[in-house]
Amino acid sequence: MQANVGDILIIHGHVVGQGDRKGEIVEVRGENGAPPYLVRFDDGHEQLMYPGPDSVVERATPE
């Protein structure tokens, strides 16, 4: 998995009724865009993450 600052990390829910979680990648700590990523979620909390197979990176759109 490769990501850049500003990309969106989407973690798909894997239980019925559990929605997806989305957060902005605010820091990439691995080499060449590799995990771990510091992610800021919509509720404001930040978490250091090594995304699993239920996660995808949505590229940020250039402004």
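Residues numbered from 1 in each chain as written. Predicted model: local features only at pLDDT ≥ 70, side-chain atom pairs only at ≥ 80, totals over all residues. Heavy atoms only, no water.

(A) Highlighting the pattern of salt bridges. As enumerated under the stated definition, the model contains three salt bridges in all. Residue arginine 59 pairs with aspartate 7 through a salt bridge whose shortest N-O separation is 3.0 Å. Remark: aspartate 7 occurs in the segment before strand E1 (8-11) and arginine 59 occurs in the segment after strand E5 (55-58); sequence separation between them is 52 residues. Classification of arginine 59 as partly exposed rests on a relative accessible area of 47%. A salt bridge links glutamate 27 to arginine 29; the shortest N-O distance between them is 3.0 Å. Taking the relative accessible area as the measure of exposure, arginine 29 reaches 46% and is therefore partly exposed. (Salt bridge = Lys/Arg side-chain N within 4 Å of Asp/Glu carboxyl O. Helix = DSSP H or I, 4+ residues; strand = E, 2+ residues; numbered from the N terminus. Buried < 20%, exposed > 50% of the residue type's maximum accessible area, 1.4 Å probe, protein only.)

(B) Quick peek at unusual backbone geometry. Of note, the bond from proline 35 into proline 36 is cis; its omega dihedral lies within 30 degrees of zero at 10°. Although it is not a glycine, asparagine 32 adopts a positive phi angle of roughly 55°. The residue asparagine 32 is located in the loop between strand E2 (21-28) and strand E3 (37-41) in this model.

(C) The UniProt feature "domain: DUF1918" (unreviewed entry) in the protein chain, seen in detail. According to UniProt, the "domain: DUF1918" (unreviewed entry) feature falls on residues 1-57. Across residues 1-57 one finds 0% helix and 42% strand; the C-alpha atoms that close the span lie 8 Å apart. (UniProt positions renumbered as here; feature names shortened; annotations may be inferred.)

(D) Examining the environment of valine 26 more closely. Here valine 26 shows up in strand E2. Measuring from C-alpha to C-alpha, the distance between valine 26 and arginine 40 comes to 6.6 Å, with 14 residues separating the pair along the chain. The contact partners of valine 26, leaving out residues within four places of it in the chain, are Val5, Leu38, Val39, Arg40 and Glu46. (Contact = heavy atoms within 4.5 Å.)

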